[in-house]
Amino acid sequence: MPNKKIAVVEEVKKKYVRMALETGNNASIARKAGIDRSTLKKWMIEYQDEVGDQMEKEDISILSDEPTHDELQKKYDQAMKLLGEKELEVAFLREIVKKNTLV
């Protein structure tokens, strides 16, 4: 049982590392997590490679501390693509619900 608890804590840490990598705003993420920036920095050192590899597999870019216009544009394009996919998914699910209520 202790290993399961540790795994949950590790996943939470990785989640915040990912959020920091995606946004490039470590201070804001640390505040959101309720931790000191130095703690987040330690987590990033520990998990950055693993989380970065996972993000790379998902074709999600990592923002630098001072992102360029091109980096921000790429991030925006990724967000718009994801939003479009979610909107299609919602429309599809609504259609399924609509058909099921008619039956």
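Residues numbered from 1 in each chain as written. Predicted model: local features only at pLDDT ≥ 70, side-chain atom pairs only at ≥ 80, totals over all residues. Heavy atoms only, no water.

The protein carries the name Transposase in an unreviewed UniProt entry, which gives Paenisporosarcina quisquiliarum as its organism.

K.L.:
Would you mind going over the environment of Leu-21 with me for this structure?
P.N.:
By the secondary structure assignment, Leu-21 is in helix H1 (residues 2-23). For Leu-21, a relative accessible area of 4% translates into the label buried. Here the alpha-carbon distance between Leu-21 and Glu-95, two residues 74 residues apart in the chain, equals 36 Å. (Helix = DSSP H or I, 4+ residues; strand = E, 2+ residues; numbered from the N terminus. Buried < 20%, exposed > 50% of the residue type's maximum accessible area, 1.4 Å probe, protein only.)

K.L.:
I'm lost on a nonpolar patch on the surface in this one. Help?
P.N.:
Taken together, the side chains of Tyr-76, Met-80 and Leu-83 define a hydrophobic patch exposed on the protein surface, amounting to about 300 Å² of accessible area. Within the secondary structure, Tyr-76 sits in helix H4 (residues 69-102). (Patch = residues over 30% accessible without salt bridge, like charges linked within 9 Å, V, L, I, M, F, W, Y side chains within 5 Å. Areas by Shrake-Rupley, 256 points an atom, 1.4 Å probe, with all protein chains shown as cover. Salt bridge = Lys/Arg side-chain N within 4 Å of Asp/Glu carboxyl O.)

K.L.:
Whenever I open this one, the packing of aromatic side chains confuses me. Can you help?
P.N.:
In this description, a pair of aromatic rings is defined by centroid distance and the angle of the planes. Applying the stated criterion across every chain yields a total of 0 aromatic pairs. One residue, Lys-15, lies across the ring of Tyr-16, its end atom 5.0 Å from the ring centre. (Phe/Tyr/Trp six-rings, centres within 6.5 Å; stacked < 30°, edge-to-face > 60°. Lys NZ or Arg CZ within 6 Å of the ring centre and 35° of its normal.)

K.L.:
Looking at this structure, I do not really get the packing of helix H2 (residues 26-33) against helix H3 (residues 37-57). What am I missing?
P.N.:
Geometry of a packed helix pair, given as the angle between the helix axes and the separation of the axes. The contact between H2 and H3 brings their axes to 9 Å, and the two run at 105°. By the angle between their axes, H2 is roughly perpendicular relative to H3. Of H3, the residues touching H2 (which contributes Asn-26, Ala-27, Ile-29 and Ala-30) are Arg-37, Leu-40 and Met-44. For the contact of H2 with H3, the class distribution of residues is 5 nonpolar, 1 polar and 1 charged. (Axes fitted to C-alpha atoms, helices over the stretch in contact; angles between N-to-C directions. Parallel < 35°, antiparallel > 145°, perpendicular 65-115°, else oblique. Contact = heavy atoms within 4.5 Å. Nonpolar A, V, L, I, M, F, W, Y, C, P; charged D, E, K, R; others polar.)

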